[in-house]
Amino acid sequence: MRNQLYLLLLGIFVLITLNKSVHVSAQNYISFGKQKHRHDDMEQPLSGIQIHKTVLALTKSASIHVVGPMLLGSKGEDFEWVTINLRNANPTNDDWVGVFSPAKFNESFCPPVTIDEQQFGAPFLCTAPLKFKYANYQNANYTKTGRTSLKFRLINQRGDFSFAFFSGGLLNPKLISVSNFIAFANPKAPLYPRLALGKSWDIMTVTWTSGYNIDEAVPFVEWGWKGQEQKRSPAGTLTFHRNSMCGTPARSVGWRDPGFIHTSFLKDLWPNMEYTYKLGHMLNNGSIVWSKQYSFKSAPFPGQESLQRIVIFGDMGKQERDGSNEYANYQPGSLMTTDTLIKDLDNIDAVFLIGDLPYANGYISQWDQFTAQVEPITSRVPFMIASGNHERTWENTGSFYTGIDSGGECGVPAETLYYVPAENRAKFWYAADYGMFHFCIGDTEHDWREGSEQYKFIEQCFASANRHKQPWLIFAAHRVLGYSSNDWYAKEGSFEEPMGREHLQKLWQKYKVDMAFYGHVHNYERVCPIYQNQCVNKETSHYSGVVNGTIHVVVGGGGSNLNRFTTINTTWSVFKDYDYGFVKLTAFDQSNLLFEYTKSKDGKVYDSFTISRDYKDVLACVHDGCEPTTLAS
C-alpha cells in the first residue's frame, strides 16, 4: 500500500511539474562534457546519466519487482545480492535500471538557482542513482522477450533501496516503473573500519562509518590483546554537508548524505602485538549496537629489526562486483588489485595508496562503495592515503593546479572519511613511521615549491629521520614530481610536473632519500638512482654503498585505465610496464631491503632489486649532500 501511494504521489507531482513546462538550466544540476584531468579520456559513469531530464512515463506494460531477499543483512551481513525481475512490452537496448537510496528518490533536494528554474520549478529527479545496469546486461534476448532478471550487490548505506526502470537511455530517461522497497535490518550499523598509523608509533587510529549521530548513541572501540581482557576507547564524530562541497555535481546530482564518521585513537600499544577490536554504539537506552570483531598487529618500535613489509601504489578507483556502472570500463583493474592484496594480506604490514582513491568525482555515494571494497584490507592493516587531483582539485578553492577533477569535492570527503597524522588534514602532508621506515608524504595539490609551507615541512620531515634506526627514507606524493616516460608529459616537453625536480631534488640529494613514489600516471616505471637527470649508478638489480641518488618510481597502476609511454628513449628508465600492479618494500634489517613490483592479475613479481649498505654509506659525503667541514683539528 505504501508503494502504491508513493507511485500515485509521483504521478501527481510530475503532472504538476510538466504542466509548468519544465525548463532547466542543466549545468546547475549535472556537469556536461567530461570532467577529467588532462590525460584521462574517461568520465565518471554516473555523470553520463542526465537524471534531471527524467520524464514520468509509468505504464502497466512495464514492471520491476524485487524477488529477494526483502530484508537485507538479517544475519549481520553488510552486503547482499539482490535479484530483480523486469518486464517490458516494448523493450529496447537502451532500457536501464537504477538503484536509488533513499528509496523515495523524487524527494531529493532541488534548489532553484536560475530565474527560469524559479519560474518553472525544479526537475522531477535531481539525484543520481547509486549504480545502474542496462536491462540486457545478463540476457541478450531481452529485446525479443521483454523479460529478464538482474542481480545487484547492495552494501549497507544507511538507507532503504528501490529500483527504477527507465527507457530512453541515459540521455533522455523515461521512468516506466518503480520496484517495491527493501532495506537492511540495521541500516545505521557501524561499518567499514579504516585503520591508520597515528602521530606516534604506539597509536593506531580506527575510523568507521555509521548512521548514528552523537545525540542517538555514543561511539567507542572495544579492544585489547587477542584473548585477553578488553578495554574501551571513545571516538569523535564528524560529518559533512552539501554546503561543504565546492561545486557540481557534489552539490547537486552527486550529493548523498555520508552518514557519520567516527575516529578513535588506540594508544599505548605494545610493539608487534596482535590486538582484536570491535566498534560499538551505546544507545540512549543503554543497549549497544556492535560491529563484527576485527584484528590488527601493532607497529614495531621505531628502528626495531624485524620483517617489515609495505605496499605502495596509486590511482586505485572502485569497481562493482555485480558489473554495475561499467559501460565506460571506468576502473578495470581495481578489483584485481584489491583481491590480490587481500590474498597476500598475511604478508603485508601497511598500505600506502598515494592519491586518486575512488574517482568519485563528486558522486558522494561512491565513497561508500569504495570503503566497502577495501574494507578487508583497511580493517586489518594501516591504510595510509595521499591526496590526488580527483580528491582535491577544484577551481578557486586554493588548489595548486587549475581544474575540476574532484567534481566539486575539494578534498572534504577524503579528509573526513580517512585519517592521516597531519597537523591539518586539509593540508594533506604528513610524516609516518613504521619500524625501520620513515615516510614523508607530500600533497601535490598544494604548493610544494621552495619557500612554501609544504616545502618547509618536507625538509623538516627528511631532516628528522634518524638514519641509524630508520635507514629507509621514503618520499611519496600523487603527481609525478620526479621522472616519468608518460606520453603526455613528453608531448608537453617535460617528464614530470613543471618545477617538480627543480625545487625538490636538492632536498632528495641533501637528505639521501632512498626512493620517491608517485601515482597520477597509470602505469609502472622504475628510474635509476638519479641526480640532476644523470644516472649515478649503472646497476639495475642490486645497489650497495653510498646513497648518491634517489630512485624514482611511478606506481599508478592501481586500477584506473592505463596510460601510454612516450616513444622517446628516456635513458634513465630501467623498467617500464603497461599494466596494473603495486610495489612491495620488504625491510629485513637496517642494511638490507627488497623492492618488488607485482602485477595485480597474477600476484607475480615482474621487477625487483635489492639494496644492501652499512650505516657509514648513509653518512658518506656526496655531491650537494655534504655536511660542512673545517680543517681545524
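Residues numbered from 1 in each chain as written. Predicted model: local features only at pLDDT ≥ 70, side-chain atom pairs only at ≥ 80, totals over all residues. Heavy atoms only, no water.

Enquirer: Help me out: how do you make sense of the overall build of the protein in this one?
Expert: When its secondary structure is counted, the protein shows 11 helices and 32 strands. For the protein, the spread of C-alpha atoms along the principal axes amounts to about 95 × 60 × 45 Å. For the protein, buried positions account for 60% of its 633 residues. Looking at the protein alone, contacts between residues at least 24 apart form 73% of all its contacts between residues at least 6 apart. (Helix = DSSP H or I, 4+ residues; strand = E, 2+ residues; numbered from the N terminus. Buried < 20%, exposed > 50% of the residue type's maximum accessible area, 1.4 Å probe, protein only. Contact = heavy atoms within 4.5 Å.)

Enquirer: Looking at this model, I keep getting lost on the pattern of salt bridges. Mind explaining?
Expert: Should their charged atoms come close, side chains of opposite charge can pair. What the rule picks out here adds up to 25 salt bridges. Note that R158 and D368 form a salt bridge whose closest N and O atoms lie 2.7 Å from each other. Of the two residues, R158 is situated in the loop between β7 (147–155) and β8 (162–167) and D368 in helix α5 (residues 365–378); the sequence distance between them amounts to 210 residues. D368 gets classed as buried once you look at its relative accessible area, which sits at 6%. Two residues, E216 and K188, come together in a salt bridge whose shortest N-O distance is 2.4 Å. On the criterion of sequence distance, the pair formed by E216 in the loop between β12 (204–210) and β13 (217–225) and K188 in the loop between β10 (183–184) and β11 (191–197) is long-range, its members being 28 residues apart. (Salt bridge = Lys/Arg side-chain N within 4 Å of Asp/Glu carboxyl O.)

Enquirer: Help me understand the UniProt feature "domain: Purple acid phosphatase N-terminal" (unreviewed entry) in the protein, please; the structure alone is not making it clear to me.
Expert: The UniProt entry lists residues 193–297 under the feature "domain: Purple acid phosphatase N-terminal" (unreviewed entry), expressed in the numbering used here. Helix makes up 0% of residues 193–297 and strand makes up 53%, while its end C-alpha atoms are separated by 15 Å. (UniProt positions renumbered as here; feature names shortened; annotations may be inferred.)

Enquirer: What exactly am I supposed to notice about the environment of K231 here?
Expert: Counting through the fold element by element, K231 comes out in strand β14 (residues 231–238). Taking relative accessible area as the criterion, K231 reaches 45% and is therefore assigned partly exposed. Spatially, the C-alpha atom of K231 lies 10.0 Å from that of L266, the residues being 35 residues apart in sequence. Ignoring anything within four residues of it in the chain, the contact list for K231 reads V221, E222 and W223.

Enquirer: What is the right way to look at the environment of G236 in this model?
Expert: Tracing the sequence through the fold places G236 in strand β14. Since its relative accessible area comes to 40%, G236 is described here as partly exposed. In the structure, G236 is positioned 16 residues away from F220 in sequence and 8.5 Å away in space, judged by C-alpha atoms. G236 has contacts with I261, H262 and T263, leaving out every residue within four places of it along the chain.

Enquirer: Honestly, the sheet that holds strand β2 (residues 62–68) in this entry has me stumped. Any pointers?
Expert: Paired through their backbone hydrogen bonds, the strands of a sheet run either parallel or antiparallel. Within the open sheet, the 3 strands sit side by side as β2-β4-β7. Their pairing is antiparallel. With partners counted over all chains shown, the strands left at the sheet margins are β2 and β7, one partner each. Taking the axes of each pair of neighbouring strands and ignoring which way they run, one obtains an average angle of 25° across the sheet. (Pairing = 2+ DSSP bridges. Axes fitted to C-alpha atoms, helices over the stretch in contact; angles between N-to-C directions.)

Enquirer: Would you explain helix α8 (residues 453–463) in this entry?
Expert: In an α-helix, one full turn covers 3.6 residues, which means residues spaced three or four apart are oriented alike. For α8, every residue scored as buried is listed here: Q454, Y455, F457, I458, C461 and F462. End-on view of α8: buried residues confined to an arc of 160°, all on one side of the axis. Buried positions along α8 lie against β21 (430–434), β22 (437–441), β23 (472–477) and α10 (500–510). (Arc of directions from axis to C-beta.)

Enquirer: Hey, could you run me through the side chain of E375 in this one?
Expert: By the element assignment, E375 lies in helix α5. Notably, E375 is buried but unbridged: the nearest opposite-charge side chain belongs to K292, and the N-O separation is 4.6 Å. (Lys, Arg positive; Asp, Glu negative; His and termini not counted.)

Enquirer: Got a minute to help me understand the state of the cysteines in this structure?
Expert: Disulfides are covalent bonds that link the sulfur atoms of two cysteine residues. For the structure shown, the criterion picks out 4 disulfides. Each sulfur in the disulfide pair C246 and C410 lies 2.1 Å from the other. What sets the handedness of the C246 and C410 disulfide is the S-S torsion sign, and at about 80° it is right-handed. Within this pair, whereas C246 is found in the loop between β14 and β15 (260–266), its partner C410 is found in the loop between α6 (389–392) and α7 (412–417), the two being separated by 164 residues in sequence. Owing to a relative accessible area of 9%, C410 belongs among the buried residues under this scheme. Here C621 connects covalently by a disulfide to C626, the sulfurs 1.7 Å from one another. Note on the C621 and C626 pair: the S-S dihedral is about 85°, so by sign convention the disulfide is right-handed. (Disulfide = S-S within 2.5 Å.)

Enquirer: What's the story with the sheet that holds strand β32 (residues 605–612) in this structure? I'm lost.
Expert: Ordered in space as β20-β19-β18-β30-β31-β32-β27, the 7 strands form an open sheet in which the pairing is mixed. Either end of the sheet is taken by a strand with one partner, and the two such strands are β20 (383–385) and β27 (542–544). When strand polarity is set aside, the average angle formed by the axes of neighbouring strands in this sheet is 20°. Across 5 bridges, strand β18 (residues 308–313) lies against strand β30 (residues 581–587) in antiparallel orientation. Note that in β30 the partner of I310 across the bridge is L585.

Enquirer: Whenever I open this one, the packing of aromatic side chains confuses me. Can you help?
Expert: Aromatic rings considered in pairs are described by the distance between their centres and by the relative angle of their planes. Counted under the stated rule, the structure contains 35 aromatic pairs. Considering the side-chain rings of W225 and W270, the 4.7 Å spacing of their centres and the 80° angle between planes classify their relative orientation as edge-to-face. With W225 in strand β13 and W270 in the loop between β15 and β16 (274–283), this pair connects stretches of sequence that are 45 residues apart. Ring centres 4.4 Å apart and planes at 15° place the aromatic pair F595 and F609 in the stacked group. (Phe/Tyr/Trp six-rings, centres within 6.5 Å; stacked < 30°, edge-to-face > 60°.)

Enquirer: Which parts of the structure should I look at to understand the pairing of strand β9 (residues 174–178)?
Expert: Within a regular strand, the side chains alternate between the two sheet faces. Among the 5 residues in β9, 4 count as buried, and that is most of the element. Judged from the 2 bridges that link them, strand β1 (residues 55–56) and β9 form a sheet pairing that is parallel. Paired with V55 across the two strands is K174, which belongs to β9. Pairing analysis gives 4 bridges linking β8 to β9, with the strands arranged antiparallel. Residue F165 lies in a different strand from β9, and its bridge partner there is S177. Here β8 hands over to β9 after 6 residues, with G168 in that stretch at a positive phi of 85°.

Enquirer: Whenever I open this one, the packing of helix α4 (residues 334–343) against α5 confuses me. Can you help?
Expert: For any two helices packed against each other, the geometry comes down to the angle between their axes and how far apart the axes lie. Running from amino to carboxyl end, α4 crosses α5 at an angle of 20°, the nearest separation of the two axes being 9 Å. With respect to their mutual orientation, α4 and α5 come out roughly parallel. As α4 runs across α5, the sense of the crossing is left-handed. Residue-level inspection shows S334, L335, T338, L341 and I342 of α4 in contact with α5, the latter providing Q373, P376 and I377. Taken together, the residues of the contact of α4 with α5 break down into 5 nonpolar, 3 polar and no charged. (Parallel < 35°, antiparallel > 145°, perpendicular 65-115°, else oblique. Left-handed = near helix turned anticlockwise from the far one by under 90°. Nonpolar A, V, L, I, M, F, W, Y, C, P; charged D, E, K, R; others polar.)

Enquirer: It is not clear to me how the nonpolar core should be interpreted in this structure. Could you clarify?
Expert: Note that soluble globular proteins tend to have their nonpolar side chains buried in a common cluster. In terms of nonpolar packing, the biggest core is built from 61 residues, with I312, F352, F439, M515, F517, L585 and F595 touching the most fellow members. The residues contacting M515, other than those within four sequence positions of it, are L473, I474, F475, T550, I551, L585, L593, F595, F609 and I611. Counting residues in each nonpolar core, the second largest holds 26 residues, with F475, L481, L504 and Y518 among its members. (Core = buried A, V, L, I, M, F, W, Y, C linked by side-chain atoms within 4.5 Å.)

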